[in-house]
Amino acid sequence: MTAVHHDRTELSVVIPMYNEEEALPALVDRLRPVLDGIRVPYEVVAVDDGSSDKTTDLLDDFRAGWPELRVIRLRRNSGHQAALTAGLHSARGDYVASIDADLQDPPEKIPEMLALATAQQLDIVYGVRTDRSTDTGFKRRTAGAYYWLMRRLVGKTVPSQAGDFRLLSRDAVEALKALPDQQQVYRLLVPWLGFPSGQVSYHRDERVAGETKYPLRKMVRLAIDSITGFSAAPLRLATWLGVVSFFTCLALLAFTLTAYALGNTVPGWTSLFAVMLFIGGVQLICFGLLGEYVGRIYTAVQQRPTYFIARDSDRDRERAEAGAGEGKPEEDGGPERVPEPRPKDRRRPRP
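Report follows, based on the coordinates. Per-chain numbering applies: the sequence of each chain, read as written, is numbered from 1 onward. Only residues with pLDDT of 70 or above have their local features reported here, since the model is predicted, and side-chain atom pairs are shown and tallied only from 80 upward, although totals for entire chains, interfaces and linings are computed over all residues. The side-chain values count all of the structure's non-hydrogen atoms but skip hydrogen atoms and water molecules.

A few words now on the pairing of strand 2 (residues 42–48). Only protein chains enter the accessibility calculation, which uses a 1.4 Å probe; a residue is then buried when its area is under 20% of its type maximum, exposed when over 50%, and partly exposed in between. Each helix is a run of H or I in the DSSP string that is no shorter than four residues. Each strand is a run of E no shorter than two, and both are numbered from the N terminus. Counting buried positions along strand 2 gives seven out of seven residues, so the element sits mostly inside the fold. Strand pairing is assigned whenever DSSP detects at least two bridges linking the two strands. As paired elements, strand 1 (residues 11–17) and strand 2 share seven bridges and run parallel to each other. The partner of methionine 17 across the bridge, within strand 2, is aspartate 48. Chirality of the crossover, the property in question, places the unit of strand 1, helix 1 (residues 24–38) and strand 2 among those that are right-handed. The sheet contact formed by strand 2 and strand 3 (residues 69–74) spans five bridges and is parallel. Of the residues in strand 3, the one forming a bridge with valine 47 is isoleucine 72. Handedness of a crossover: with both strands directed away from the viewer, a clockwise path from the first strand across the helix to the second marks it as right-handed.

Below, the structure is given as structure tokens:
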């Protein structure tokens, strides 16, 4: 089937994915009818984050029958936020929606997001989860704690229960592209922009197939990146811990002098041991917090790209079309060009 390309793309849908071969057929079956029903020029930017299964092969198979599907493959697994960055930077649409491949976020809400953005001239439309009963109790509690903490550190502009399912205008996308952040956490960066925004609520479903790509380790890493990337509160916490430690030491010093004056110095070993443990723990916490910020500064100074694109199906198509165009014969039937003779060497002979 010949791909249909429009001069103007109104909607781009970015889907970062990693080892989603089991979920891909269901995703295509639900997403394509929704986008075809909007009746606007669109593209689907599927970003394969270095999958080790058959995700890439399946995407190429679906692309053969779906001309609006664009496949971008990263050279290595760079992480969900990096894959999302690659998709946002490559998208061409006037509006860009982002959604995960596991279908926990319903693609049927994308037309509602687009209609709300165009009707009210909004730059951002968040997908807000009203029901997370399909998640485990641990996941619900940790997610609630994360959003509670982010709203207090970053501000109330962070929508509660809003992940990476959202719609952005072209102005919002260009603003994100201009930010120099190395480790981008979009669920905090997007509200930080302060652009006009709205919300669309939905019920969070269970993962359609496969296993979650966000285990506890990645959730903790996301929380640390969120805190250290958007707030200096941990540094102030380290300062307050130092102040508390100082006054605790003063109180224990007074207790020690009193015990020495009364002749009760031998029984103080337990309190001395406890104080040493307390001070050592505070110091380690402070050093750890400082190390997180120094590490972010080191990463920013290096300015290393967070991802590398191995292939882009649209670029491959453009190169193929350009190569075919160069190899075509003259269409006007004119005479074949004869190479001009090389000019003679007019340098004077040596005497």
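So, about the sheet that holds strand 4 (residues 95–98). Taking strand neighbours across the sheet as the criterion, the eight strands line up as 7-5-6-4-1-2-3-8 in an open arrangement whose pairing is mixed. Bordering the open sheet on either side are strand 7 (197–203) and strand 8 (309–312), each of which pairs with just one other strand. Within the sheet, the average angular offset between the axes of one strand and its neighbour, ignoring direction, is 20°. With four bridges connecting them, strand 5 (residues 124–131) and strand 6 (residues 162–169) associate as antiparallel partners. When the sheet's bridge partners are listed, tyrosine 126 is paired in strand 6 with arginine 166. Here, two residues are considered to be in contact whenever any of their heavy atoms come within 4.5 Å of each other. For every element, the axis is a line fit to its C-alpha atoms; helices are fit only across the contacting stretch, and the angle between N-to-C directions ranges from 0 to 180 degrees. The sheet contacts of helix 1 involve strand 1 and strand 2, and relative to strand 1 the element is tilted by about 170°. On top of the sheet, helix 4 (residues 110–120) reaches strand 1, strand 4, strand 5, strand 6 and strand 7; it is set at about 50° to strand 6, its chief contact.

In this section: the side chain of aspartate 314. Locating aspartate 314 in the fold gives a position in helix 11 (residues 313–326). The buried category is assigned to aspartate 314, whose relative accessible area is 8%. Any pair of N or O atoms that falls within 3.5 Å is considered a polar contact. Within protein, one atom must be able to donate a hydrogen and the other to accept it, and sequence-neighbouring residues count only if both atoms are side-chain atoms. A polar contact is formed between the side chain of aspartate 314 and the side chain of arginine 92, at a distance of 2.7 Å. If sequence neighbours within four positions are ignored, aspartate 314 has contacts with Arg70 and Arg92.

Let's shift gears to the pairing of strand 1. Among the seven residues of strand 1, seven are classified as buried, and the element is accordingly described as predominantly covered. Every second residue of strand 1 is oriented toward a common face, with Leu11, Val13, Ile15 and Met17 on one face and Ser12, Val14 and Pro16 on the other, all of them buried. Direction of pairing for strand 1 relative to strand 4: parallel, over a ladder of four bridges. Note on strand 4: the bridge partner recorded for serine 12 is valine 96.

We now examine the pattern of salt bridges. Definition used for salt bridges: Asp or Glu carboxyl oxygen within 4 Å of a side-chain nitrogen of Lys or Arg. Enumeration according to the criterion identifies 17 salt bridges in this entry. The salt bridge involving arginine 315 is made with aspartate 312; its shortest N-O contact spans 3.7 Å. Connected through salt bridges with shared partners, the residues Glu43, Arg70, Arg92, Asp312, Asp314 and Arg315 form a single ionic network.

Right, let's get into the nonpolar core. Note that soluble globular proteins tend to have their nonpolar side chains buried in a common cluster. Throughout, nonpolar core names a set of buried Ala, Val, Leu, Ile, Met, Phe, Trp, Tyr and Cys residues whose side chains join them through atoms within 4.5 Å. By size, the foremost hydrophobic cluster in this structure holds 34 residues, and its most contacted members are Leu11, Ile15, Leu35 and Leu167. Listed by contribution, the elements that provide at least two residues to this core are strand 1, helix 1, strand 2, strand 3, strand 4, helix 4, strand 6 and strand 7. It is helix 1 that provides the largest number of residues to this core, a total of six residues. Contacts of isoleucine 15, omitting those with residues within four sequence positions, involve Leu27, Leu31, Val44, Val45, Ala46, Val47, Ile99, Asp100 and Ala101. Among the nonpolar cores identified, the runner-up in size contains 25 residues, and Ile72, Ala86, Leu168 and Leu189 belong to it.

This part is about helix 4. The set of residues buried in helix 4 consists of Ile110, Met113, Leu114, Leu116 and Ala117. Angular distribution of buried residues about the axis of helix 4 spans 165°; they occupy a single face of the element. Exposed residues on helix 4 whose side chains face more than 90 degrees from its buried face are Ala119 and Gln120. One or two steps after helix 4, the chain reaches glutamine 121, where phi turns positive at roughly 55°. The directions considered for the arc are those from the helix axis to the C-beta atoms.

Viewed as axis vectors pointing N to C, helix 6 (residues 170–178) and helix 7 (residues 186–193) meet at an angle of 115°, and their least axial separation amounts to 11 Å. Between helix 6 and helix 7, the crossing angle belongs to the class labelled roughly perpendicular. Here helix 6 and helix 7 pass one another in a crossing that is right-handed. Where helix 6 abuts helix 7, its residues Ala172, Ala175 and Leu176 lie against Tyr186, Leu189, Val190 and Leu193. In this classification, the charged set is Asp, Glu, Lys and Arg, the nonpolar set is Ala, Val, Leu, Ile, Met, Phe, Trp, Tyr, Cys and Pro, and all remaining amino acids, among them Gly, are polar. Across the contact of helix 6 with helix 7, the residue classes break down as seven nonpolar, no polar and no charged. Under this scheme an angle from 65 to 115 degrees is roughly perpendicular, one under 35 degrees roughly parallel, and one over 145 degrees roughly antiparallel; angles in between are oblique. Crossing handedness: left-handed means the near helix sits turned counterclockwise from the far one by under a right angle, and right-handed means the same turn made clockwise.

For arginine 39, which is not glycine, the phi torsion reads 60° and is therefore positive. You can see arginine 39 is positioned in the loop between helix 1 and strand 2. On the basis of relative accessible area, arginine 39 is assigned to the exposed category, the value being 75%.

The analysis is restricted to geometry; functional conclusions fall outside its scope.
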